[in-house]
Amino acid sequence: MLDSDTIKPASVVGPLGEELKKADLPPPDTSRWVVRRKAQVVAAVNGGLLSMREACERYGLTLEELASWQRAIDREGMPGLRATRVQHYRQLHERENRRA
């Protein structure tokens, strides 16, 4: 995890390949988490624009919630962040893990 003394980039590559700056991130009072907003936060954390701690504090997320967004993107890409598909993907991966 980055500490507060680490120099952070001014921008990172966003989830759709666009330049993503801190000003482009969802507002701190976001309550409706659509796929694009979740993906922007994950891209900001993965690119070093925000630390995990900063993202959790800014958006009122738990570390587990943010980590689940990161896992969803790693496994299924942005579609994995859809609330209606989370259960489906979780069951699919649990079945695959049991077979392994």
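In case you missed it, the structure is sitting above this.
Source: prediction; values computed, not measured.

About the criteria used
- Residues numbered from 1 in each chain as written.
- Predicted model: local features only at pLDDT ≥ 70, side-chain atom pairs only at ≥ 80, totals over all residues.
- Heavy atoms only, no water.
- Helix = DSSP H or I, 4+ residues; strand = E, 2+ residues; numbered from the N terminus.
- Expected span 1.5 Å × (residues − 1).
- Buried < 20%, exposed > 50% of the residue type's maximum accessible area, 1.4 Å probe, protein only.
- Contact = heavy atoms within 4.5 Å.
- Axes fitted to C-alpha atoms, helices over the stretch in contact; angles between N-to-C directions.
- Parallel < 35°, antiparallel > 145°, perpendicular 65-115°, else oblique.
- Left-handed = near helix turned anticlockwise from the far one by under 90°.
- Nonpolar A, V, L, I, M, F, W, Y, C, P; charged D, E, K, R; others polar.
- Core = buried A, V, L, I, M, F, W, Y, C linked by side-chain atoms within 4.5 Å.
- Phe/Tyr/Trp six-rings, centres within 6.5 Å; stacked < 30°, edge-to-face > 60°.

Draft legend 1. Representation of helix H3 (residues 63–76) in the model. Taking 1.5 Å of rise per residue, 14 residues should cover 20 Å, and H3 covers 20 Å from first to last C-alpha, within 8% of that figure. For H3, the set of buried residues is Leu66, Ala67, Trp69, Gln70 and Ala72. Summarising the contacts, the buried residues of H3 are in contact with helix H1 (35–47) and helix H2 (52–59). Gly77, located one to two residues past H3, shows a positive phi value of around 75°.

Draft legend 2. Up close: the packing of H2 against H3. Across the interface, H2 lies against H3 with an axial gap of 10 Å and an inter-helix angle of 110°. When the axes of H2 and H3 are compared, the pair comes out roughly perpendicular. Considering only the axes of H2 and H3, their crossing is right-handed. Within the contact between the two elements, H2 uses Met52, Ala55 and Cys56 and H3 uses Leu63, Leu66 and Gln70. Counted by class, the contact of H2 with H3 contains 5 nonpolar, 1 polar and no charged residues.

Draft legend 3. Fine view of the nonpolar core. In this structure, Leu25, Val41, Leu50, Ala55, Tyr59, Leu66 and Trp69 are the most contacted members of the largest nonpolar core, which totals 20 residues. Elements represented by at least two residues in this core include exactly H1, H2 and H3. Among the elements that line this core, the one with the most residues is H1, at 6 residues.

Draft legend 4. Structural detail: the packing of aromatic side chains. Counted by the stated rule, this structure contains 2 aromatic pairs. Ring geometry for Trp33 against Tyr59: centres 5.2 Å apart, planes inclined by 85°, an arrangement best described as edge-to-face. Remark: Tyr59 occurs in helix H2 and Trp33 occurs in the loop between strand S2 (19–21) and H1; sequence separation between them is 26 residues. A relative accessible area of 19% means that Trp33 is categorised as buried. Ring centres of Trp33 and Trp69 lie 5.1 Å apart, and the angle between their planes is 50°; this geometry places the pair in the tilted category. Taken as a pair, Trp33 in the loop between S2 and H1 and Trp69 in helix H3 lie far apart in primary sequence, 36 residues in all. Assigned by exposure class, Trp33 and Trp69 land together as buried. Three or more aromatic residues joined by ring pairs make a cluster, and in this case those are Trp33, Tyr59 and Trp69.

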